[in-house]
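Below are the chains, spelled out letter by letter.
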Amino acid sequence: MSKKDRKKKNVRLPFVPDPEQLALIPDVSGNAINGLGETSTRAPSPIYWHHPKKIAHGDMQQWMLKRTIEVAPETGDLENNFGGRAPNHPADIAPTKQEKSSAEFTAQCKTFALANEADLVGITRMQPEWVFEGYEVDYPNIIVLAVSMDHQELATAPESPSVVEVMRAYNRGTRASRTVANWIREQGYRAEAHGGPTAGPFLLIPPAIAAGLGELGKHGSIINREYGSSFRLAGVVTDMPLDIDSAESFGADDFCHLCSLCTDSCPPDAIFKTKQTVRGEQKWYVDFDKCIPYFNQTQGCGICIAVCPWSRPGIAPKLAEKMLKRQAQK
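Residues numbered from 1 in each chain as written. Predicted model: local features only at pLDDT ≥ 70, side-chain atom pairs only at ≥ 80, totals over all residues. Heavy atoms only, no water.

Undergrad: Can you break down the overall build of the protein chain residue by residue, with the values?
TA: Helix and strand counts for the protein chain stand at 14 helices and 8 strands. Split into buried and exposed, the 330 residues of the protein chain put 48% on the buried side. For the protein chain, contacts bridging at least 24 residues in sequence account for 74% of all contacts bridging at least 6. Carbon and sulfur atoms make up 51% of the accessible area of the protein chain, which amounts to about 16,100 Å² in all. Taking the average place of the 37 positive charges on the side chains of the protein chain and the average place of its 39 negative ones, the gap between the two points comes to 7 Å. (Helix = DSSP H or I, 4+ residues; strand = E, 2+ residues; numbered from the N terminus. Buried < 20%, exposed > 50% of the residue type's maximum accessible area, 1.4 Å probe, protein only. Contact = heavy atoms within 4.5 Å. Areas by Shrake-Rupley, 256 points an atom, 1.4 Å probe, with all protein chains shown as cover. Lys, Arg positive; Asp, Glu negative; His and termini not counted. Charge placed at Lys NZ, Arg CZ, Asp CG, Glu CD.)

Written as structure tokens, this is what we have:
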């Protein structure tokens, strides 16, 4: 049966990892590391994008990064291909703290971030359950930044133009977070920036949701009422006094219960149709053990967020309005 005929009949052939990658898969399940099925709350365990020698899937991670450079060499030259590098060194903390209200600092911080490459900004209090095991975070606040992606490029997933666009967004997010952190330090407060794709000491999706940037989608990424899932995150932790934002619900979760586009489009069949219990929380979850080999072999995949109806340009605001009306009618 041809690829075209399989598509018509909705037939999905089982994905088989490259033998070279297959030999690198560890004995431990990534789902177990993530806490799939665990009913008690605990800190997340480092699993991917951390130092390769400190994680079970480190060899797979290195294999993927090597292949990415071979397939998309543009990703190896951030300065020339992605708009310049982020500031390499934190600014000195000013010896005297600026004295302003939290409302004033919040307004200035958000204005500065949006003027320096961030497309969305949310602020919330750091929670211990977001910090990876083995790490410490001694900052009370986290500023979450989102940078949008070119959906036309993202829609090529899992081809190399999508890989390049994702790296471009991560690089922009890193620049934005480091620039914001330096601005805060110049006001006399402590701040540390963290940008992807490498993992910092804490998760970014839970604080982004708490800070009002969106709802968790069935595909495991955030859905935002403006950009859908076509964006990437970065963060800044700080002790600057700031006002926090609130999480919001605009119907994305309800929509995901009814939609199956990402589930049906996932080549390794990694997206669960129902929510799972993960470290004591019922949530949408993507099967790590099925996803990562395909993710690696395609240098980042991205099919699920590319096909998400919310990610199509101009669609998310309309869907949010429609879903909010449905909520009001219940």
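Undergrad: An account of the nonpolar core is requested, with residue identities and associated values reported.
TA: Grouped together as the largest cluster of nonpolar side chains are 23 residues, with contacts concentrated most on Tyr 48, Met 149, Leu 154, Phe 288, Ile 292 and Phe 295. Examining the composition of this core, we find that 4 residues originate from one element, helix α12 (residues 288-297), more than from any other. Setting aside residues up to four positions removed in sequence, Ile 292 forms contacts with Gln 21, Tyr 48 and Met 60. Counting 18 residues, the second-largest nonpolar core is a separate cluster that includes Val 121, Ala 176, Ala 181 and Val 236. (Core = buried A, V, L, I, M, F, W, Y, C linked by side-chain atoms within 4.5 Å.)

Undergrad: Go over empty space enclosed by the protein, please, and point to the residues and values.
TA: The tally for this structure, following the rule as stated, stands at 1 cavity of 30 Å³ or more. A volume near 70 Å³ is recorded for the largest cavity. Forming the boundary of the largest cavity are Lys 218, His 219, Phe 255, Cys 256, Cys 259, Leu 261, Cys 262, Cys 308, Pro 309 and Trp 310. Elements with a contribution of two residues or more to the lining of the largest cavity: α10 (252-258) and α11 (261-265). Among the residues making up the lining of the largest cavity, the classes are represented as 8 nonpolar, 1 polar and 1 charged. (1 Å grid on protein atoms, 1.4 Å probe; cavity = no way out; pocket = protein on both sides within 12 Å on 5 of 7 lines; lining within 4 Å. Points joined across faces, edges and corners; volume = space filled by probe spheres on them. Nonpolar A, V, L, I, M, F, W, Y, C, P; charged D, E, K, R; others polar.)

Undergrad: Requested: an account of the packing of aromatic side chains, with residues and values cited.
TA: Within a pair of aromatic rings, the relevant descriptors are the distance that separates the centres and the angle that separates the planes. As enumerated under the stated definition, the model contains 9 aromatic pairs in all. Relative to Trp 310, the ring of Phe 255 lies with its centre 5.5 Å away and its plane at 80°, an arrangement referred to as edge-to-face. Of this pair, Phe 255 sits in helix α10 while Trp 310 sits in the loop between α13 (303-307) and α14 (316-329); the two residues are 55 residues apart in sequence, bridging distant segments of the chain. In this structure Phe 255 comes out as buried when scored by relative accessible area, which is 17%. Their ring planes at 35° and their centres at 6.2 Å tell us that Phe 272 and Tyr 285 sit as a pair that is tilted. Pair noted here: Phe 272 is in the loop between α11 and β7 (276-278) and Tyr 285 is in the loop between β8 (281-283) and α12, with a separation of 13 residues, a long-range link. The partly exposed category is assigned to Phe 272, whose relative accessible area is 25%. Stacked on the ring of Tyr 139, the Lys or Arg Arg 190 has its end atom at 4.3 Å from the ring centre. (Phe/Tyr/Trp six-rings, centres within 6.5 Å; stacked < 30°, edge-to-face > 60°. Lys NZ or Arg CZ within 6 Å of the ring centre and 35° of its normal.)

Undergrad: So, the packing of helix α6 (residues 102-114) against helix α8 (residues 160-186): which residues are in play, and what are the values?
TA: How two helices sit against one another is set out by the angle between their axes and by the gap between those axes. Look at α6 against α8: their axes get within 10 Å of each other, and the N-to-C directions meet at 145°. Relative to α8, α6 is oriented so that their crossing is right-handed. For the pair α6 and α8, the contacting residues are Phe 105, Gln 108, Cys 109, Phe 112 and Ala 113 in the first and Thr 179, Val 180, Trp 183 and Ile 184 in the second. For the contact of α6 with α8, the per-class residue count stands at 7 nonpolar, 2 polar and no charged. (Axes fitted to C-alpha atoms, helices over the stretch in contact; angles between N-to-C directions. Left-handed = near helix turned anticlockwise from the far one by under 90°.)

Undergrad: Quick one: what's the story with the sheet that holds strand β3 (residues 191-195), residue by residue and with numbers?
TA: Pairing within the open sheet is antiparallel, and its 4 strands lie in the order β1-β2-β6-β3. What marks the edges here is a single partner per strand, and that holds for β1 (120-125) and β3. If you compare each strand with its neighbour and ignore which way they point, the axes differ by 20° on average. Bridge count for β1 against strand β2 (residues 141-148) is 6 bridges, and the pairing is antiparallel. Following the sheet pairing, Thr 124 is matched in β2 by Ile 142. Along the sheet, α6 contacts β1 and β2; its crossing angle with β1, the most-contacted strand, is approximately 140°. In the packing of α8 onto the sheet, contacts are made with β2, β3 and β6 (231-238), and the angle to β6 comes to roughly 20°. (Pairing = 2+ DSSP bridges.)

Undergrad: Tell me about the pattern of salt bridges, residues and numbers included.
TA: All told, the structure shown has 11 salt bridges when counted by the stated rule. Residues Arg 175 and Glu 117 are paired through a salt bridge, measuring 2.6 Å at the closest nitrogen-oxygen approach. One end of the pair, Arg 175, is in helix α8; the other, Glu 117, is in the loop between α6 and β1, and 58 residues separate them in sequence. Judged by relative accessible area, which is 10%, Arg 175 ranks as buried. Residue class for Glu 117 comes out partly exposed when judged on its relative accessible area of 28%. (Salt bridge = Lys/Arg side-chain N within 4 Å of Asp/Glu carboxyl O.)

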